[in-house]
Amino acid sequence: MKTHVKIVLAVLVVAATAVTAQKRDRFKHDGKIRNEQELAAPEVFVANATEAETGFDNQTNGYLDQGPEFETLTDESVVALRSFNDNRFIFDEVETVQDGLGPVYNAQSCRECHQNVVTGGASQITEQRTGRQGENEFFESLGGTILHSRATHPDLVELVDPGDNVRTFRISTNVLGSGYVEAVSNETLLSIRDQQPRHMRGVALETPILEAGNAARIGRFGWKSQHASLESFAADAYLNEMGITSPLFPDENTSRGNYVGFGTEFDPVPDPEDDGIDVIVFADFMRSTKAPSRGEITADALAGETVFNSIGCNNCHVPTLVTSPPGTVINGGAFVVPEALGDKIIHPYSDFLLHDIGSGDGVPVQSTPEFAFTANLIRTAPLWGLRTRSRLMHDGQSFTHVEAIRRHKGQARRSARAYFQLSDEERQLMRAFLDSL
Ligand code: HEC
Ligand code: HEC
C-alpha cells in the first residue's frame, strides 16, 4: 500500500478519451444518460453468465475446496495450503518477531483489520497516512506515507512529524468477493468510464502487476485503486501492514527513515522473510471468498434503488458488472480466470474508478510529479456489504449515509444535491435500499 519507490514504473494514465456522439451530461432521468436496462438486466452483457456466490458464511465460492474442519487446524496441520480453510488459517494467523513481524507494523494478522462479520470483511481499524505538500511537490514522510502505529521496540514507533501537513486516516476495506473483481476485464472498466456523463467520468489508473514484471493493468483494489492484482496487494500489505518482506517486496521498512532491518538488533530474520508462499496463500484465500450478500430486499428497498438511479448515484456506484470468461489470461499472464470466478455477475455498486468528489486526502498514489493529479482522487467506495459498516468514507469519519452523501461534492455534487431535494418519502426509500446492501 505504500508507494513502490524501488520499482521502475511504466504507469500510464489511460486518458479519458471517449468520444461519444450523444450528450450524456444530463443525468436526471436515468434511461437517458446510460442504458439502465443494461444495468438492470446483465444478461445482455453475457448470455451465459450466472450470479456470483454471496454470503458472510466462511464458505468457499468454489475456487478452492472447503478443506478440513477449520476448528481442527493447527500450525502443523496446515501443510498443503490448498484449501479455503487452510488458507483462511494463514490469513488469520498472528505473526511474531520470529516470523518476521515488524520492526514497524500496524497489526499482527490480516484478519485483525479484515474481519467483519467474517474473515475477509472490512473493519473499523484505520491506518495513518502522512506527508508534506510543498509548493509544487508532494514529499512522503520519512519512511513513506504509511505511518506505522506499532513497533517491536518502543523507540521505533513512528510519530507524526509536526511539519507533515498532509494527514489522513484510511479505513480497512472489505476483501470478500475480491476474486470476482480481479476477474473483471480492463475493457469492462473502460467501457463504464466511457459511458459516464462527462462531469462524472472516472479515471482508470494503470498499475504494475508486480508478479508479472510490472505488466500494466487497470487498478481496482484499495482506496486509490492502487493495485490490480490480489497477489501484488497481498505482498504490499504483508510488508506495509505487518513488516513481513517477500520476494515482491524484499526491503524492510524503515522507522522514520532509519534502517532497522536484518543485521540490526531489531530484526532477527533475513529477508525475504516470507518465501512468497504466504502471499500466494492470501491471494488464493481472497479469490475463494464469496461476495457480500444482500440483506432483505423489501419493496421499499427496490423502490429506493429506483430513486438511487434516478439521481445518478449509479453512474459511479455501478450496480452490476460481469467477470471475464473462464480461461481468460489476466494479470499480465500471471493468472487465468478459473471456472468459479469466470462469467459471474456481481453487484459491487462501484465502477472501481477514481473520482474527485471533494473528499480527497491529498496523498498521491506515488510521490513523483506525474502522479500529483491523483492526490485527491478516491475510488468509488463499493457499497456491497454497506450494512456491515458503521464508519464510512476512506477516513471512516462519516457516521451515517446522509453524512457520507453530504461529503459528495466535485464530480458527485449534482447527484448529492438531487438527493437533498428529494421528498422525505423518497429519502426513506433510499435509506431502505442502502440498509439492504
Ligand atoms: C492494520 C490493518 C491492516 C492489516 C493488518 C491488513 N490490511 Fe489490508 N487493508 C487495510 C487498509 C487500511 C486498506 C485500504 C488501504 C488503502 O487503500 O490505502 C486495506 C486494503 C486491502 C485490500 C484491498 C481491498 C479493496 O479492494 O479495497 C486487500 C486486497 C488487502 N487489504 C489485503 C490484505 C492482506 C492479504 C493482509 C495480510 C497480509 C492485509 N490486507 C493486512 C488494512 C489492513
Ligand atoms: C462521481 C461519482 C460518485 C457519485 C455520483 C456518487 N458517489 Fe458515493 N462515493 C463516491 C466516492 C469516490 C466515494 C468514496 C469517497 C471517500 O471515501 O472519500 C463514495 C462513497 C460513498 C459512500 C460511503 C460508502 C462507504 O463504504 O464508506 C456512500 C454511502 C455513498 N457514496 C453513497 C452515494 C449516494 C447515495 C449517491 C447518490 C446521491 C452517491 N454516492 C453518488 C463516488 C460517487
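Before any of the text, the structure's been laid out above.
To keep things clear, this report deals only with the structure shown in the data block.

Calculation notes
Residues numbered from 1 in each chain as written. Chains lettered and ligands numbered in written order. Predicted model: local features only at pLDDT ≥ 70, side-chain atom pairs only at ≥ 80, totals over all residues. Heavy atoms only, no water. Donors = N, O, S within 2.8 Å, 3.2 Å for Na, K, Ca; no water. Tetrahedral: all angles 85-135°; square planar, octahedral: opposite > 155°, others 65-115°. Helix = DSSP H or I, 4+ residues; strand = E, 2+ residues; numbered from the N terminus. Near = heavy atom within 4 Å. Polar contact = N/O pair within 3.5 Å; in protein donor to acceptor, adjacent residues only side chain to side chain. 1 Å grid on protein atoms, 1.4 Å probe; cavity = no way out; pocket = protein on both sides within 12 Å on 5 of 7 lines; lining within 4 Å. Points joined across faces, edges and corners; volume = space filled by probe spheres on them. Nonpolar A, V, L, I, M, F, W, Y, C, P; charged D, E, K, R; others polar. Buried < 20%, exposed > 50% of the residue type's maximum accessible area, 1.4 Å probe, protein only. Arc of directions from axis to C-beta. Contact = heavy atoms within 4.5 Å. Axes fitted to C-alpha atoms, helices over the stretch in contact; angles between N-to-C directions. Parallel < 35°, antiparallel > 145°, perpendicular 65-115°, else oblique. Left-handed = near helix turned anticlockwise from the far one by under 90°.

## Looking at the coordination of the iron atom of ligand 2
Here comes step 1: Looking at the iron atom of ligand 2, one finds its protein donor set to be H317 (NE2) and H408 (NE2), positioned 2.0 Å from the metal centre.
Here comes step 2: Each of the six donor atoms around the iron atom of ligand 2 contributes to a set of angles spanning 86 to 179°, which defines the coordination as octahedral. Residue H317 is found in the loop between α9 (299-310) and β11 (321-322), and its partner H408 is found in the loop between α10 (401-406) and α11 (413-420); the two are separated by 91 residues along the sequence.

## Structural notes on the site of ligand 1
Here comes step 1: In the vicinity of ligand 1, 30 residues are found, and the nearest of them are C110, C113, H114, R170 and W223.
Here comes step 2: Here H114 contributes a side-chain N or O atom positioned 2.9 Å from a nitrogen atom of ligand 1.
Here comes step 3: Within the residue set of the shell around ligand 1, elements represented by two or more residues are α4 (110-113), β4 (126-133), β8 (166-171), α7 (230-242) and α8 (277-287).
Here comes step 4: Here the shell around ligand 1 takes seven residues from α7, the largest share from any one element.

## A word on empty space enclosed by the protein
Here comes step 1: Scanning the entire structure with this criterion turns up three cavities of 30 Å³ or more.
Here comes step 2: Estimated volume of the second largest cavity: approximately 60 Å³.
Here comes step 3: Taken together, G55, F56, D57, N58, Q59, F84, V118, T119, L176, F285, T289 and K290 form the lining of the second largest cavity.
Here comes step 4: Classifying every residue of the lining of the second largest cavity gives five nonpolar, five polar and two charged.

## A word on the site of ligand 2
Here comes step 1: By nearness alone, 27 residues border ligand 2, and C313, C316, H317, S359 and H408 come closest of all.
Here comes step 2: R389 has a polar side-chain atom sitting 3.0 Å from an oxygen atom of ligand 2.

## Digging into the coordination of the iron atom of ligand 1
Here comes step 1: Among protein atoms, the single one acting as a donor to the iron atom of ligand 1 is H114 (NE2), 2.1 Å away.
Here comes step 2: Of note, H114 is situated in the loop between α4 and β4.

## What to know about helix α6 (residues 186-195)
Here comes step 1: Listed as buried for α6 are N186, L189, I192 and R193. Seen end-on, α6 carries its buried residues on one side only, within an arc spanning 130°.

## Structural notes on the environment of E95
Here comes step 1: Structurally, E95 can be placed in the loop between α3 (84-92) and β3 (104-105).
Here comes step 2: Take E95: its relative accessible area is 4%, and that puts it in the buried class.
Here comes step 3: Once the C-alpha coordinates of E95 and A107 are considered, the two residues, 12 residues apart in sequence, prove to be 9.0 Å apart.
Here comes step 4: Setting aside anything within four residues of it in sequence, one finds E95 in contact with L101, Q108, Y238, M242 and I244.
Here comes step 5: Of note is the side chain of E95, whose polar atom sits 3.3 Å from the side chain of Y238.

## Some points on the packing of α7 against α8
Here comes step 1: The contact between α7 and α8 brings their axes to 8 Å, and the two run at 125°. In terms of orientation, α7 lies oblique with respect to α8. α8 is crossed by α7, and the crossing has right-handed handedness. From α7, L230, E231, A234, A235 and Y238 reach across to α8, where they touch D278, V279, I280, F282, A283, M286 and R287.
Here comes step 2: Partitioned by chemical class, the residues of the contact of α7 with α8 number nine nonpolar, no polar and three charged.

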